[in-house]
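Remarks on the overall topology
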Amino acid sequence: MSEKEEEILEEISGFLHGYLKSGNVRINSFLSKTNVNISNLQQLLTIRFLLLKETKTFVQRLPFLLKHFKTTTATCTETNIGEVRGEIDWAETTKHRLARNHKDRTIFSTNESVRSYDTPENLVLKELLGILYRLLFQDSYLKGFEKAAWFTEWQELKSNIEYACKHNIYLQRVHSAHVSDRTVQKTQNHRNRLYREAAQLLVSYRKIIKGQYNEEDLKILLRETFIAPENQDVLFELYWIIQIIKQNTEKSQLHLMDGGQNKVATWEDDSHIHHLYHDSSGSDSVIFHIPTSDIEGSGHAYLKQKVQSLDATKDLAQRIFGRNVTSHLWRGRPDFLIESYDQITNKLTKLTIGEVKNTSRVEYATTGLEELVEYLYLVKDRKGRYLLNSDVTVQGMLCLDQVEFDNGSFGMVKVLSRSNRRSHL
């Protein structure tokens, strides 16, 4: 990891625990304050539960641990007529013959050994494995992360859970039942490692589900498994997003960045509510595309040729690759976006569009400026009207690495650089 990446990770580590789209699990040794005001916190903590070292180690060793599966044997006395099952108990046999018919020599009382699978510790194990099976094979939310880098190890480990639940004949004979907290607590001290570790994991999971943790416990858990994006450009984008969030730390609620709507945070002030998005075209209040229908029928030679080129591309893509291509004159997806709404009218009043370039080169910074200004001029509202010079304030933020410049504010564009601290938010 480069020195720059270390510095950026340290800067954002207290806020980035909700980034789940793609990345690598890293041990977060940073001491920055962890923000625990996260929406969908239970889903995030369920993922952390899977990523904990003790969870993965238990599942990895499960085939070996199951060799120490224990049952109990109990002796029961049965009285049968005409058949003998087990060892004959002559004292009981005589007693039953006298009670029924002392001349009937077909009555026998026998002691039979019955194996029991539903021991308290086996019920604990069955419940834990059932939870892991549901999370790994049935949970629709977790299915969305099966191709994520941090889920790679589980792609191999999950087969241990599947085999245990579907093919272990001893485990299948254990009934599924909710085990009392007292039984689980007691099983944590079991001499058999299989049951002791299963109980410890079940206790951890139940605490997550029931919300039985204090803020310090939560911070420790979040630090134990830290998912950082594998792409350094994405990491740099999040660095600048965190600078915005830090200005509203006390009021911000963080959202899971899981590839859904990509909302990162929400906060309120006295009159407005603000929504911050990453790598997103925002809500349905704004439009970042222009269809070819906007220029069809134009007499301008260039625009006529442009429409024809897009139509030709659409036709060829279908004929050659069998793919349907949507024709748009322009389409955009900002690096980040802040939508600000009036709390009373719920109307969009301000739109801040951010373009991030992880560069120290002026040439590449200029490319970012071109893209940003294009966003400012072409973004529309839901009715298809351009927002610039409307009753909605449109502002741009160009965020750079080590680029020097004299002033950070240039009309509707604000330029921020890591090398120019006075230009920060």
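A brief report on the enclosed structure follows. Given the structure is predicted, the values throughout are model-derived calculations rather than measurements.

1. With respect to the packing of helix H2 (residues 41-51) against helix H12 (residues 215-224)
The axes of two packed helices give the description: the angle between them and the distance between them. Between H2 and H12, the least distance of the axes is 10 Å, while the angle of their chain directions is 50 degrees. The angle between H2 and H12 falls in the class oblique. Here the hand of the crossing between H2 and H12 comes out left-handed. Residues Leu41, Leu44, Leu45 and Arg48 of H2 form the contact with H12, whose own contacting residues are Leu218, Leu221 and Leu222. In the contact of H2 with H12, the residues fall into six nonpolar, no polar and one charged.

2. Some details on a nonpolar patch on the surface
Residues Leu316, Ile320 and Phe321 make up a contiguous nonpolar surface patch of about 350 Å² in total accessible area. When you line up the elements, Leu316 lands in helix H14 (residues 301-321). Since its relative accessible area comes to 41%, Leu316 is described here as partly exposed.

3. Concerning the sheet that holds strand S12 (residues 336-342)
Strands sit in the order S6-S7-S8-S12-S13-S15-S17-S16 across an open sheet of eight strands; the sheet is mixed. The open sheet has two edge strands with one neighbour each: strand S6 (253-254) and strand S16 (409-410). Pairing of S16 with strand S17 (residues 413-417), which is carried by two bridges, proceeds in the antiparallel orientation. Counterpart to Phe410 in the pairing with S17 is Val413.

4. So, the pairing of S12
Among the seven residues that make up S12, seven are buried, leaving the element largely enclosed by the rest of the structure. Side chains Phe336, Ile338, Ser340 and Asp342 of S12 all project onto a buried face; the interleaved residues Leu337, Glu339 and Tyr341 project onto the opposite face, where all are buried too. Here S12 runs beside strand S13 (residues 348-356); their pairing, made up of six bridges, is antiparallel. When the bridges of S13 are listed, Glu339 appears paired with Leu351.

5. Concerning the packing of aromatic side chains
Tallying each qualifying case throughout the model produces twelve aromatic pairs. Ring centres 5.4 Å apart and planes at 55 degrees place the aromatic pair Phe49 and Tyr205 in the tilted group. Here Phe49, found in helix H2, pairs with Tyr205, found in helix H11 (residues 193-210); they are 156 residues apart in sequence, far enough to count as distant. Per residue, the accessibility class of Phe49 equals that of Tyr205, and both read buried. Here Tyr117 and Tyr170 contribute two aromatic rings whose centre-to-centre distance is 6.4 Å and whose plane-to-plane angle is 25 degrees, an arrangement assigned as stacked. With Tyr117 in the loop between strand S4 (107-116) and helix H6 (120-137) and Tyr170 in helix H9 (residues 169-172), the pair connects residues that are 53 residues apart, well separated along the chain. Overall, Tyr170 belongs to the partly exposed group, its relative accessible area being 36%.

6. Notes on the side chain of Thr359
Along the chain, the position of Thr359 falls in the loop between S13 and helix H15 (362-378). You can call Thr359 buried: its relative accessible area is 5%. Within the structure, the side chain of Thr359 is placed 2.9 Å from the backbone nitrogen of Arg361, a separation counted as a polar contact. Thr359 has contacts with Tyr364, Ala365, Leu400, Asp401, Gln402 and Val403, leaving out every residue within four places of it along the chain.

7. Thoughts on the environment of Asn24
Following the sequence through the fold, Asn24 ends up in strand S1 (residues 24-26). What makes Asn24 partly exposed here is its relative accessible area of 30%. Separated by 125 residues in sequence, Asn24 and Ala149 place their C-alpha atoms 5.7 Å apart. Discounting residues that sit within four places of it in the chain, Asn24 has contacts with Ala149, Phe226, Ile227, Ala228 and Glu230.

What counts, and at which threshold
Residues numbered from 1 in each chain as written. Predicted model: local features only at pLDDT ≥ 70, side-chain atom pairs only at ≥ 80, totals over all residues. Heavy atoms only, no water. Axes fitted to C-alpha atoms, helices over the stretch in contact; angles between N-to-C directions. Helix = DSSP H or I, 4+ residues; strand = E, 2+ residues; numbered from the N terminus. Parallel < 35°, antiparallel > 145°, perpendicular 65-115°, else oblique. Left-handed = near helix turned anticlockwise from the far one by under 90°. Contact = heavy atoms within 4.5 Å. Nonpolar A, V, L, I, M, F, W, Y, C, P; charged D, E, K, R; others polar. Patch = residues over 30% accessible without salt bridge, like charges linked within 9 Å, V, L, I, M, F, W, Y side chains within 5 Å. Areas by Shrake-Rupley, 256 points an atom, 1.4 Å probe, with all protein chains shown as cover. Salt bridge = Lys/Arg side-chain N within 4 Å of Asp/Glu carboxyl O. Buried < 20%, exposed > 50% of the residue type's maximum accessible area, 1.4 Å probe, protein only. Pairing = 2+ DSSP bridges. Phe/Tyr/Trp six-rings, centres within 6.5 Å; stacked < 30°, edge-to-face > 60°. Polar contact = N/O pair within 3.5 Å; in protein donor to acceptor, adjacent residues only side chain to side chain.

By themselves these figures say nothing about function.
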